[in-house]
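Structural description and commentary
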Amino acid sequence: MGQIFQNMNEDYIEKHYPNRSVFEAVAKTTKKVSIGVYAFFGIVLAGCLAGIGWSVNTINAYKQSGDTEMADVGMIICIVFAAFALISALAIIITVIRAKKGAEDWIKKSASNSKLTESEIREFEQQAMASDSYILKMQDAIDSVMSGAKDGILTRDFIYLADINLTVIRCKDLVSACLTDMVIYIGEQHNRRPVHYLGIQLLSKNGAHSFAEVSPEVGNALVELLLQKYPTIDTCDGRILTEKEYDEYKKSELAKV
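Note that the coordinates shown come from a computational prediction; the quantities given were computed from them, not determined experimentally. Sequence order as written defines the numbering, with residues in each chain counted from 1. Where totals are concerned, whole chains, interfaces and linings use all residues; where local detail is concerned, this predicted model gives features only for residues with pLDDT of at least 70, and gives and counts side-chain atom pairs only at 80 or more. Here the side-chain values reflect all heavy atoms present in the structure, with hydrogen atoms and water set aside.

1. Some points on the pairing of strand β8 (residues 209-213)
Think of it in three bands: with a 1.4 Å probe and only protein chains considered, a residue is buried below 20% of the maximum accessible area for its type, exposed above 50%, and partly exposed in between. Helical segments are the DSSP runs of H or I of at least four residues, strand segments are the runs of E of at least two, and each set is numbered from the N terminus. Where burial is concerned, the two faces of β8 differ: the one with Ser 210 and Ala 212 is buried and the one with His 209, Phe 211 and Glu 213 is not. Both strand β7 (residues 193-204) and β8 contribute to a ladder of five bridges, which runs antiparallel. By the bridge assignment, Ile 200 is partnered in β8 with Ala 212. At least two bridges found by DSSP between two strands is the condition for calling them paired. Counted along the chain from β7 to the antiparallel partner β8, the turn is four residues long, and its residue Gly 207 has a positive phi close to 95°.

2. Structural notes on the pattern of salt bridges
Take a side-chain nitrogen of Lys or Arg and a carboxyl oxygen of Asp or Glu: if they are within 4 Å of each other, that pair is a salt bridge. Counted under the stated rule, the structure contains seven salt bridges. For Glu 123, the salt bridge goes to Arg 170, with nearest N and O atoms at 3.5 Å. Here Arg 170 lies in strand β5 (residues 168-170) and Glu 123 lies in helix α5 (residues 118-128), a separation of 47 residues in the sequence. For Glu 123, a relative accessible area of 29% translates into the label partly exposed. A relative accessible area of 13% places Arg 170 in the buried class. Of the charged contacts in the structure, one is a salt bridge between Arg 156 and Asp 132, with a shortest N-O distance of 3.2 Å. Here Arg 156, found in the loop between β3 (152-154) and β4 (158-160), pairs with Asp 132, found in the loop between α5 and β2 (134-136); they are 24 residues apart in sequence, far enough to count as distant. Here Arg 156 falls in the partly exposed class, since its relative accessible area comes to 42%. Residue classification places Asp 132 among the partly exposed residues on the basis of a relative accessible area of 36%. Members of the salt-bridge network, linked through shared partners, are Glu 104, Glu 118 and Arg 122.

3. Describing the packing of helix α4 (residues 103-114) against α5
Any two packed helices are characterised by the angle at which their axes cross and by the distance between the axes. In the contact formed by α4 and α5, the axes pass within 9 Å of each other and the chain directions differ by 110°. The angle between α4 and α5 places the two elements in the roughly perpendicular class. On α5, the residues that touch Glu 104, Ile 107, Lys 108, Ser 110, Ala 111 and Ser 114 of α4 are Glu 118, Ile 121, Arg 122 and Glu 125. Classifying every residue of the contact of α4 with α5 gives three nonpolar, two polar and five charged. Interaxial angles span 0 to 180 degrees and are taken between N-to-C directions of axes, which are lines fitted to C-alpha atoms, for helices over the stretch in contact. Relative orientations are named as follows: roughly parallel for angles under 35 degrees, roughly antiparallel for angles over 145 degrees, roughly perpendicular for angles from 65 to 115 degrees, and oblique for any other angle. The criterion used for residue contact is that any of the two residues' heavy atoms lie within 4.5 Å. Lys, Arg, Asp and Glu make up the charged group, whereas Ala, Val, Leu, Ile, Met, Phe, Trp, Tyr, Cys and Pro make up the nonpolar group; the residues left over, Gly among them, are polar.

Following this line, the structure appears as structure tokens:
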């Protein structure tokens, strides 16, 4: 497993967790991403406001000339600009709120989504920096850059896939670790085509759930590693489930919680 999953080491910590904190790194990354969001939606907002101004002037000009039909068209265009301006403003506001969050705020979010206590999340953070923890590189380098995926961490007692909900699962509470064939559709409505990718789904006794996209090699290796450490975990016989099959499986398991 060492060839696929490296042990936590000081070089990696210095690069990714200089403050030796997973959630300090989350806060820092969020602030960095926010700069790009501000720039993009700021430009969109400025363009929409200019468009609203142009639309209002155009509407007034048509009304003065008595062309009510074109004035109505101008009104529709103005409403479209206003809608995009509102969306852009909301995106900026939400980004500001997220950027202001510090490590403690993200710990609280993780605890809530993980259905664990904040002290358990802090315990995970402490274990994460230990040399017996595994760095879970879920995809190859190119795919990770393209998708923006972060590395997960497997500690003595916890597993963290760095999902969008920052879910941390206590390993002894793992019910299952299953691979699933995920599908998204791209293209226009009349010419859509499916794109498949592999995901790993973790389910805890407390109802917490975590998902990450994985390469086939990593997915199989991670399921094998978890099964070696925790033999009672259900791996769905090593099958790759469809999304529908997993949803039904998950529903039946959560009914037992």
